[in-house]
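Geometric and topological summary
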Amino acid sequence: MSVVARVRAVMSRLAGLGRRADDERAMREEMQFHLDQLTRRHITAGLPPDEAQRRARIEFGGIVGHEEAARDALRSRFVEDLIRDLLYGWRSLCRHPAFALTAVWTIGLGIGAAVTVFTIVDSIFLRPLPVPGARRLVTISFRRPNGREEWLGSHGASLIRARATAFDAVVAHDSREVLLVSAHGVASERFGAFVSPNYFDVLGVRPYRGRFFFASEDSVPDRDAVAVLGYDLWRTQFGADPAAVGEHMQVRGHDVTIVGVAPPGFIGISVGGAPNDVWLPTMMLGVTDDACIGQIGCRDAAALARLAPGATLSQAVTQLRAMSRELNAMAFERDTLPRLAIAPLRGMATDQRSDYAALAPLLGGIALLLVVIACANVGGLLVTRGLSRAPEVALRFSLGADRGRVIRQLVTENLLIGGAGGALGILLSVGSVRALMGFFTKDSEGFPHFFYLSLDGRVLLFTVAASLATVALFGVLPAVTTSRVALARHAAQSRIAGRGRGRLVLMGAQVALSLTLLVGAALMARSFLALMHRQRFDVSHVALIRLRPEQVHYDPARAQRFLRAVVSRIEGMPDVTGVAFGRGIGFLWDEGPITMPVGRTPSDTALTAYTRFVSPRFLATLRIPLLRGREFTSDDDAGAPRVTIVSESVARELWPDGSALDHTVVLGGKAFRVVGVAADFAVHPITSPAPPIVLVPFWQNAFQPEVDARLAVRVRGDPAAALAGFRRAINEIDPVVPVTELMPLTDQVRANYTAVHLGAVVLLVAAGVALFLTGLGLYGVIAYIVERRTREIGVRIAIGATSFTIVALMLRQGLTATLVGGAAGIAIAALSTRLLAAYLVGIEPGDRVAFIAAALGVTAVALFATYLPARRAARVDPMMALRVE
Amino acid sequence: MTEAAQRDDVLQGTLDMLVLKALSLEPMHGWGITERLQQWSRDVFQLNQGSLYPALYRLESQGFVRSEWKTTEHNRRARYYALTAAGRKRLAAERRTWQRASHAVNLILAVEAP
């Protein structure tokens, strides 16, 4: 069989699917009719009916053979028609490359947007783990009345394991412990998981080397110090040496024995969190120091359960409900009685979702708007094109072309566009999914995040369906109307003007939607800029470093000696202009801020202030204005008199006459002398206005001696480029202390506010695409109107209209649509920007600047898109125009 | 290739032309075409009646005839075939070819042995 024949066979089989039944029925009926007629003739000639029928069959010949031959003829007709239609469609698209490119890109952008969002929502919220039987896995947790999810704990897990028959396995796991792992003299921070021994079995994972845990190794706290290595850790830190199994290593300073290696690609189940590199039994949770392992009510682990064969989720719920009193007894803080929550394991861990939960509707809404705009655009394009082809179609009818055939040819042509647009859409979405997920690669402490992210079969199916739906809607309908118009050609002329108006209405709608997107984009962009630049301190050109001597059990004295050495070493490095340090999660925006009452006397506790423990030159390094007095010096240490710097709002509140300096302030029951007043600055960007702040010297922490510290280093040039040098310098001073969170401060801000950053970027791109499509659509419709009215314009010019009046005439068409659509868009935006409120920092959803900027942007694009064809109208040569028909 | 199939091939060329000729008078169904051809040929042609249909579908796919379902005078549904403009041209062309060829064949057969 030649390739061509094979292709034909496949195509005819495909083509046959829909058509075969009809054709077959018609063919049978037709042949039966013939046989009946033949039989009747023989009967009329005097033969008995039996004999007549027999004779008729003989004369007709082998019916099966004829049917087969007839089928061949039908099939080849379909394939030949299809090939002819495809060639015809291809040629006609080549004759109108501008139309073809516009249509393909518009469909591509629409589909690309839809697939991108579907893929991201799928991987964040819907996708099961890529392990066998993942669909039978559920998570069981406590849900507090405020909606927060909390771990069930390993005690709860064993209770359910023993009692609930709807599950055939219950796993306890804590998959997000940061562990310092040292082996062969190299230490690194890794995400580790503490798991019950059935963990690997339930997930269908087999050891790559060695073994996993025995049940006996998870029965007594702190006894069995065994660990399984992740494949990557084994490769990078142990050189993929099979002899690593049986070796010892240190986990947070505790000696453990390596018993096995997990297979490549297995990185745990903490989707949306960090990939796991090392696994230990839950009974070893003691190495994390703060675990309450062994105590009832200790919520040390999350519970993951597998439904038994034949059991349903509702049976499981019933059984759990029967145990809820005993389970609740394990939850502390009984005043807020938690409820048991059971949910299929899909996407990211449920207790991590809250940050991202609002993303799905936001992304979905944006994609939907883009798809609507793209569809309106393609629809308008195809309808217009269909109308301008009416003469061609009418010609084909008059030459005897079959109506169905013409429609099929038009559909084929649209299928070409739809197919090309769909392919482009897939390409675009592959790129944009990758770009968007780049936002989720690291958290604010520099740890990686993972998602199982790929375009899967369902997404591709969705794309094909979307492509075909687009084509069916906008390819077939205009094709049908085209035929009807062509049949009534005289009527067409009068209807065409109406079509132009219809498209203007569509354009108005597009303007409205684009403006909505643009307002959203402007709000988010301003919000993001506020986050980065309007916090009364300067986040650019600052490198962050976190020192964690606590991980290697340094006492405060030793840790502080180390810190002093690091600071003086870094201060001496080239291009460093300032070093500051302090404590807290996140350098500037303390996630767990310490607040203390502050007043002029111990009994004066009306004012509560954020308390920060900071180094000398803290204000200078972050460029926070020092209004009066001085900064801390290295002499302000534990032995020196206690001093403080207060923020402006604290000074104003306590000493309205402006005499704050040298007065005494009581903070948490201890007296401090005010040596400086700083400008108000935000502690947390969402906090607005800036709260009262009191700064206390890091060296003088009178409440709790410091061990760990976070450093901010102001540099000339790119902070990212300086990071490696800082790490080397610190390792030279003491190679044992873990150095983490090496990143530019701007990266930390971005990672902390992923949703704001992502929302701003997505909205900006979406608004750009929407504006582009709207401009394209406006250009198309005005150009079309100009073409249709060439004669009229010619007459106007002939009787003395100036080019200005012609341009104004055409501009008015586009501007009316723009203004009406724009007004509608402002109304929609005013109603819908409240949805963005969660992401807005420092500005209101009704921010006037954003609205005005968006309106100006849309108007400018609309004016430009309308002006181009309008100018062409003004250049119409009246003599040529009148000769057109 | 079998002998029978070869005969079909030879027939096919003329069958298409004869069908087009029959349809040039008026649209008719397959049975009507058979009747008409037998009548015109004074029953010389005993064509394998079933083979008419593949030929008709082929002609339709080539755009020489088109079809639609109608009701016969006896109130039965039947598919009527009609000649298209392209079919009319095709018939004229086939007729010219046939006439030239048959004229040539006749001339050759008319030559007397010396």
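Below is a short write-up of the structure.

**Quick look at the overall build of chain B**
Helix and strand content of chain B: four helices and three strands. In chain B, the succession of α and β elements from N to C terminus is α-β-α-α-β-β-α. Across chain B, the fraction of contacts at a sequence separation of at least 24, relative to all contacts at a separation of at least 6, is 42%. Accessible surface, chain B as shown: approximately 7,200 Å² in total, 54% of it carbon and sulfur.

**Points about the interface of chain A and chain B**
With 25 residues of chain A at the contact, the number on the chain B side is 27 residues. In total, chain A and chain B occlude about 2,300 Å² of area from one another, counting both sides; carbon and sulfur atoms represent 55% of this. In this assembly, chain A and chain B are joined by four salt bridges. Here E35 of chain B and R41 of chain A are joined by a salt bridge, their closest N and O atoms 4.0 Å apart. Here chain A is connected to chain B by seven residue pairs in polar contact (both at pLDDT 80 or more). Every element with two or more residues in the side of chain A that touches chain B is listed here: α1 (3-44), α2 (49-60) and α3 (63-95) of chain A. Of all the elements, α1 of chain A adds the most residues to the side of chain A that touches chain B, at twelve residues. Split by residue class, the side of chain A that touches chain B holds eleven nonpolar, five polar and nine charged.

**Comments concerning the environment of R211 of chain A**
Residue and element names in this part refer to chain A. Relative to the assigned elements, R211 resides in the loop between β5 (209-210) and β6 (226-229). For R211, a relative accessible area of 25% translates into the label partly exposed. Separated by 34 residues in sequence, R211 and V245 have C-alpha atoms that sit 8.9 Å apart. Setting aside residues up to four positions removed in sequence, R211 forms contacts with E217, V228, V259 and G260.

**Quick notes on the pairing of strand β22 (residues 739-744) of chain A**
Residues and elements named next belong to chain A. Of all six residues that make up β22, six are buried, and the element is covered over most of its length. Strand direction decides the pairing type here: strand β12 (residues 542-547) and β22, joined by four bridges, are antiparallel. Looking across to β22, one finds that L547 is bridged to V739.

**A closer look at the packing of aromatic side chains**
Residue and element names in this part refer to chain A. If you walk through the whole model with that rule in mind, you get 14 aromatic pairs over all chains. With a centroid separation of 5.8 Å and 70° between ring planes, the pair formed by Y208 and W234 is classed as edge-to-face. Taken as a pair, Y208 in the loop between α6 (199-202) and β5 and W234 in helix α7 (residues 231-238) lie far apart in primary sequence, 26 residues in all. An angle of 65° between the planes, with centres 5.4 Å apart, marks the rings of F581 and W699 as edge-to-face. A residue pair is termed long-range when its members are at least 10 positions apart, and F581 in strand β13 (residues 576-582) and W699 in the loop between β20 (693-697) and β21 (709-715) qualify at 118 residues. Judged on exposure class, the residue F581 and its partner W699 are both buried. Taken together, the ring pairs in this structure connect Y199, F200, F212, F213, F266 and W279 into an aromatic cluster. Its guanidinium or amino end placed over the ring of W699, R564 lies 3.9 Å from that ring's centre, counting from NZ or CZ.

The rules behind each value
Residues numbered from 1 in each chain as written. Chains lettered and ligands numbered in written order. Predicted model: local features only at pLDDT ≥ 70, side-chain atom pairs only at ≥ 80, totals over all residues. Heavy atoms only, no water. Helix = DSSP H or I, 4+ residues; strand = E, 2+ residues; numbered from the N terminus. Contact = heavy atoms within 4.5 Å. Areas by Shrake-Rupley, 256 points an atom, 1.4 Å probe, with all protein chains shown as cover. Buried area = accessible area lost by both parts, 1.4 Å probe. Salt bridge = Lys/Arg side-chain N within 4 Å of Asp/Glu carboxyl O. Polar contact = N/O pair within 3.5 Å; in protein donor to acceptor, adjacent residues only side chain to side chain. Nonpolar A, V, L, I, M, F, W, Y, C, P; charged D, E, K, R; others polar. Buried < 20%, exposed > 50% of the residue type's maximum accessible area, 1.4 Å probe, protein only. Pairing = 2+ DSSP bridges. Phe/Tyr/Trp six-rings, centres within 6.5 Å; stacked < 30°, edge-to-face > 60°. Lys NZ or Arg CZ within 6 Å of the ring centre and 35° of its normal.

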